[in-house]
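# Chain and residue survey
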Amino acid sequence: MSSSTTTLFQSSPFSLNTKTKPYSLPKSKPTNFTLKSQSQSQPQPLTHNNNTPTPSPATPPPSSSKHRRPADENIRDEARRINVSQHLFSAKYVPFNADPSSTESYSLDEIVYRSQSGGLLDVQHDLDALKKFDGAYWRNLFDSRVGKTTWPYGSGVWSKKEWVLPEIDDDDIVSAFEGNSNLFWAERFGKQFLGMNDLWVKNCGTSHTGSFKDLGMTVLVSQVNRLRKMNRPVVGVGCASTGDTSAALSAYCASAGIPSIVFLPANRISIAQLVQPIANGAFVLSIDTDFDGCMQLIREVTAELPIYLANSLNSLRLEGQKTAAIEILQQFDWQVPDWVIVPGGNLGNIYAFYKGFQMCKELGLVDRIPRLVCAQAANANPLYLYFKSGWKEFKAVRAQTTFASAIQIGDPVSIDRAVHALKNCNGIVEEATEEELMDAMAQADSTGMFTCPHTGVALTALFKLRNSGVIKPTDRTVVVSTAHGLKFTQSKIDYHSKNIKDLACQFANPPMQVKADFGSVMDVLSKYLQSKAPKYH
């Protein structure tokens, strides 16, 4: 940072030496969750053809009949007393996108990350059992749990427990009541910059650790908690991370008293991202490589040591992340948006959104799914290049430095999942240069948001698709904001200080230096107010 910038923004006295130097670039109406009134009863279960009642999934009792729990009882104790574990539903690991004739499968209680052929695994739910309840039943059940403190259903993830990890005991769940994040109507941004009136931003960053990774980590750490209680050989949980994964892992492990081990690429993440796992007691290894190098190391280490792998190679996390898609439908009163735009790096999230939407369609909650857009940074764009080639040949790339550091990944683990999702929803892949993503972030912030660079990538994709006419002015569009802007304040400081080499920073808004006297302040304010005064014709 230049000396002039230092006078504008005082640097933090934090002593960890993580700051990186600026680098040279290579050449409708708002719909809130519906809370059920106290007089409403719980959804009633369907019946079999022989009219024999089917037991309903475990649900909290109607609030009208519920008295305050005893003073010496917490919400977990209350759940033990009230919730009867029925386990009407089940799930298992199967090879991802396997031939229908395949019989290979694994219990979720097994420690396995890949199929016999070395491919990815997927969590497969017993849809026949879930289909015994119609779409209206599931909509009502999920709606009845929103906004409550009943364990564990107050979580946006565990309110869909039957679709996530149906056989886990409530007592094994590790949750911070994550999810239930705001769906923000981007009214001014949509009208001013895009000519849209139905643009929404799903603020997944307003979660426990500041990113969407909480949605998957509550599921993974809960299952690890279960495995440890079963005396399975799991001492700790480990991940390679570009920042947000390690923050989520360390927080949830700390909550459960489980050791967490984090591999971070040295000097490639923000100080806000680094300090989170440190503060939560994780064992942090700063390794002189990029994310792909850290990922290779953690896979080798977890094959030799009793450390459970927490990266999205592990398909359990995607079960939690898919609930954000269900939540979007829920917030629109089960109406389907036209487009959902998701930033993509390791590419698990784009598949998770597809899976959530597809389950809702298959189980009768909605009649279609939205088109998905995966947005990549141009400096780490292997999926975009694959898409532009007509899906002819995938080639990993060496990811270059990007402000969107969490998606700075050149060899994504979930490439096959992402391609499957995009092909099955007529999806699109777009990219954003560093200047484009930073400008888009600044434009969004100027209308009242406080976005991360990854959201800037997604917004750039929206700009391009609107300019090309692919997305229409009246299309209901959701941009997924994956992390909180407070994790990336240094990039914002550099932008508004115009301290980024080769970037014009055209929307920069630096503070104005003014002498400490009344006349100088009045002159400056008079000019400012005159420039902002309405122009009458």
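- Under an unreviewed UniProt entry, the chain has the name threonine synthase and belongs to Lens culinaris.
- In UniProt, the chain has this text filed under Cofactor (unreviewed entry): "pyridoxal 5'-phosphate".
- In its Pathway (unreviewed entry) section, the UniProt entry covering the chain states "Amino-acid biosynthesis; L-threonine biosynthesis; L-threonine from L-aspartate: step 5/5."

### A look at the packing of helix H13 (residues 348-362) against helix H15 (residues 415-424)
- It is at 8 Å that the axes of H13 and H15 come closest, and there the two elements cross at 45°. If you check the angle between H13 and H15, you find them oblique. In this structure, H13 meets H15 at a crossing whose hand is left-handed. Facing Ile350, Tyr351 and Tyr354 of H13, the residues of H15 in contact are Arg417, Ala418, His420, Ala421, Leu422 and Asn424.
- In terms of residue class, the contact of H13 with H15 is made up of 6 nonpolar, 2 polar and 1 charged.

### Comments concerning the sheet that holds strand S3 (residues 121-125)
- If you walk across this open sheet you meet the 3 strands as S2-S1-S3, and the pairing is antiparallel. Both edges of this open sheet fall to strand S2 (106-107) and S3, since each of them pairs with a single strand only.
- Strand direction decides the pairing type here: strand S1 (residues 91-95) and S2, joined by 2 bridges, are antiparallel. Bridge pairing links Tyr93 to Tyr106 in S2.

### Points about the sheet that holds strand S8 (residues 283-287)
- Taking strand neighbours across the sheet as the criterion, the 4 strands line up as S8-S7-S6-S9 in an open arrangement whose pairing is parallel. The sheet terminates laterally at S8 and strand S9 (307-309), the two strands that pair on one side only. Each strand of the sheet is rotated relative to its neighbour by a mean of 25°, with strand direction disregarded.
- Judged from the 3 bridges that link them, strand S6 (residues 236-240) and S9 form a sheet pairing that is parallel.

### Notes on unusual backbone geometry
- Cis peptide bonds are those with omega within 30 degrees of zero, and the linkage from Trp151 to Pro152 qualifies with -5°.
- Considering the arrangement of structural elements, one finds Pro152 in the loop between helix H4 (135-145) and helix H5 (161-164).
- In the Ramachandran plot, Asn180 falls in the positive-phi region, its phi being about 55° despite a non-glycine side chain.
- Following the sequence through the fold, Asn180 ends up in the loop between H5 and strand S4 (183-185).
- In this model, Cys505 sits at a positive phi of 50°, which is unusual for a non-glycine residue.
- Note that Cys505 resides in the loop between helix H18 (489-496) and helix H19 (518-532).

### Observations concerning the environment of Gly195
- Topologically, Gly195 is positioned in the loop between helix H6 (187-194) and strand S5 (199-203).
- Note on Gly195: relative accessible area 41%, which makes it partly exposed.
- Aside from chain neighbours lying at most four places away, what touches Gly195 is Gly190, Arg466 and Pro473.

### Considering the UniProt feature "modified residue: N6-(pyridoxal phosphate)lysine" (unreviewed entry) in the chain
- When the UniProt feature table is mapped onto this chain, "modified residue: N6-(pyridoxal phosphate)lysine" (unreviewed entry) is found at Lys213.
- Tracing the sequence through the fold places Lys213 in helix H7 (residues 213-229).
- Owing to a relative accessible area of 11%, Lys213 belongs among the buried residues under this scheme.
- In this view, Lys213 contacts Asp244, Thr245, Ala248 and Arg317; residues no more than four positions away in its chain are not counted.

### Considerations on the nonpolar core
- In this structure, Trp138, Trp163, Tyr308 and Leu383 are the most contacted members of the largest nonpolar core, which totals 107 residues.
- By residue number, the principal contributor to this core is H13, which donates 8 residues.
- In terms of nonpolar packing, the next biggest core, distinct from the first, is built from 37 residues, Ile341, Met441, Ala444 and Leu465 among them.

### A closer look at helix H10 (residues 291-302)
- Taking 1.5 Å as the rise per residue, H10 with 12 residues should run 16 Å; its terminal C-alpha atoms sit 16 Å apart, in good agreement.
- The complete set of buried residues in H10 reads Phe291, Asp292, Gly293, Cys294, Met295, Ile298 and Thr302.
- Along its buried surface, H10 packs onto S6, strand S7 (260-265), S8 and S9.

### Comments concerning the pattern of salt bridges
- In this structure the tally under the stated criterion is 17 salt bridges.
- The shortest N-O distance in the salt bridge between Lys229 and Asp172 comes to 2.8 Å. Linking Lys229 in helix H7 with Asp172 in the loop between H5 and S4, this pair joins segments that are 57 residues apart in sequence.
- When its relative accessible area of 48% is taken as the criterion, Lys229 is described as partly exposed.

### Re the packing of aromatic side chains
- Scanning the entire structure with this criterion turns up 20 aromatic pairs.
- Summarising the aromatic geometry, the rings of Phe89 and Phe133 are spaced 5.8 Å apart at their centres and angled 65° between planes, so their arrangement reads as edge-to-face. Note that Phe89 is positioned in the loop between helix H2 (75-82) and S1 and Phe133 in the loop between helix H3 (127-130) and H4, a separation of 44 residues in sequence. Phe133 shares its class with Phe89; the two are buried.

Thresholds, definitions, all that
- Residues numbered from 1 in each chain as written.
- Predicted model: local features only at pLDDT ≥ 70, side-chain atom pairs only at ≥ 80, totals over all residues.
- Heavy atoms only, no water.
- UniProt positions renumbered as here; feature names shortened; annotations may be inferred.
- Axes fitted to C-alpha atoms, helices over the stretch in contact; angles between N-to-C directions.
- Helix = DSSP H or I, 4+ residues; strand = E, 2+ residues; numbered from the N terminus.
- Parallel < 35°, antiparallel > 145°, perpendicular 65-115°, else oblique.
- Left-handed = near helix turned anticlockwise from the far one by under 90°.
- Contact = heavy atoms within 4.5 Å.
- Nonpolar A, V, L, I, M, F, W, Y, C, P; charged D, E, K, R; others polar.
- Pairing = 2+ DSSP bridges.
- Buried < 20%, exposed > 50% of the residue type's maximum accessible area, 1.4 Å probe, protein only.
- Core = buried A, V, L, I, M, F, W, Y, C linked by side-chain atoms within 4.5 Å.
- Expected span 1.5 Å × (residues − 1).
- Salt bridge = Lys/Arg side-chain N within 4 Å of Asp/Glu carboxyl O.
- Phe/Tyr/Trp six-rings, centres within 6.5 Å; stacked < 30°, edge-to-face > 60°.

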